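# A structural walkthrough
Next come the chains, spelled out residue by residue.
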Amino acid sequence: MSDKIQHNKYVELKYKVVDAKTGQELTGVDFPLGYVHGVNDVLSSQVMAELEGKGAGDTIAVELDCDQLFGPRDESLVITDYIENVPEEYREIGTSIVMENEQGNRKTFLVTRIDETTLTVDGNNPLCGRQVVFKLEVLEVRDATDAEIAAGGKVEPRPELAGVKPVPL
């Protein structure tokens, strides 16, 4: 009997996010994403609930309203400035910029538009305002080790070096 996804199981999967209206793939991972189920909630609670009880080889599709996940789009988080006021290293679409307000709160903004004179950044999650379908394929399910449970994900063994003793930190 193969393992099924439940609390403290190590899970590897790959996924893609598809716009529900257009069918356009918005993002995805083709390499295995690993986590410990019930310990590290790397995906939304709705997706995690749908994964419960699935096994290696299973696929699921979960439709999500991204406004419920990330909140509604906030146009006050869209900022346009003259391009000469923006450092050179931020002048590329898709660049992440972490900004901090007077209270010390940090937020990530993405460069979304550049023209001859201005640059626009957006602090909204790129999926705000969209209905999406998470399509997931379960690649592996097994008992997590104690180290993986503590870390919430895969823990690679450290290579042993002949004649070298580990130094306590």
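Up top you'll find the structure we're talking about.
Since this is a predicted model, take the numbers as computed values, not measurements.

### Structural notes on the pairing of strand 5 (residues 96-100)
Two elements, strand 5 and strand 6 (residues 106-114), share five bridges in a ladder whose sense is antiparallel. Residue serine 96 lies in a different strand from strand 6, and its bridge partner there is leucine 110.

### Focus on the sheet that holds strand 3 (residues 59-65)
Read from one edge of the open sheet, four strands run 2-1-8-3, paired in antiparallel fashion. Two strands close off the open sheet at either side, each with one partner strand: strand 2 (25-36) and strand 3. Each strand of the sheet is rotated relative to its neighbour by a mean of 20°, with strand direction disregarded. Across 11 bridges, the pairing between strand 1 (residues 9-19) and strand 8 (residues 131-143) is antiparallel. Of the residues in strand 8, the one forming a bridge with valine 11 is valine 141.

### Details of the pattern of salt bridges
Taken as a whole and assessed by the stated rule, the structure comprises 12 salt bridges. We note a salt bridge from glutamate 88 to arginine 91, for which the minimum N-O separation is 3.2 Å. A salt bridge links glutamate 100 to arginine 106; the shortest N-O distance between them is 3.3 Å. The exposure classification of glutamate 100 matches that of arginine 106, with both residues exposed. Residues joined in a network through salt bridges with shared partners are Asp3, Lys9 and Asp143.

Reading the values: rules and limits
Residues numbered from 1 in each chain as written. Predicted model: local features only at pLDDT ≥ 70, side-chain atom pairs only at ≥ 80, totals over all residues. Heavy atoms only, no water. Pairing = 2+ DSSP bridges. Helix = DSSP H or I, 4+ residues; strand = E, 2+ residues; numbered from the N terminus. Axes fitted to C-alpha atoms, helices over the stretch in contact; angles between N-to-C directions. Salt bridge = Lys/Arg side-chain N within 4 Å of Asp/Glu carboxyl O. Buried < 20%, exposed > 50% of the residue type's maximum accessible area, 1.4 Å probe, protein only.

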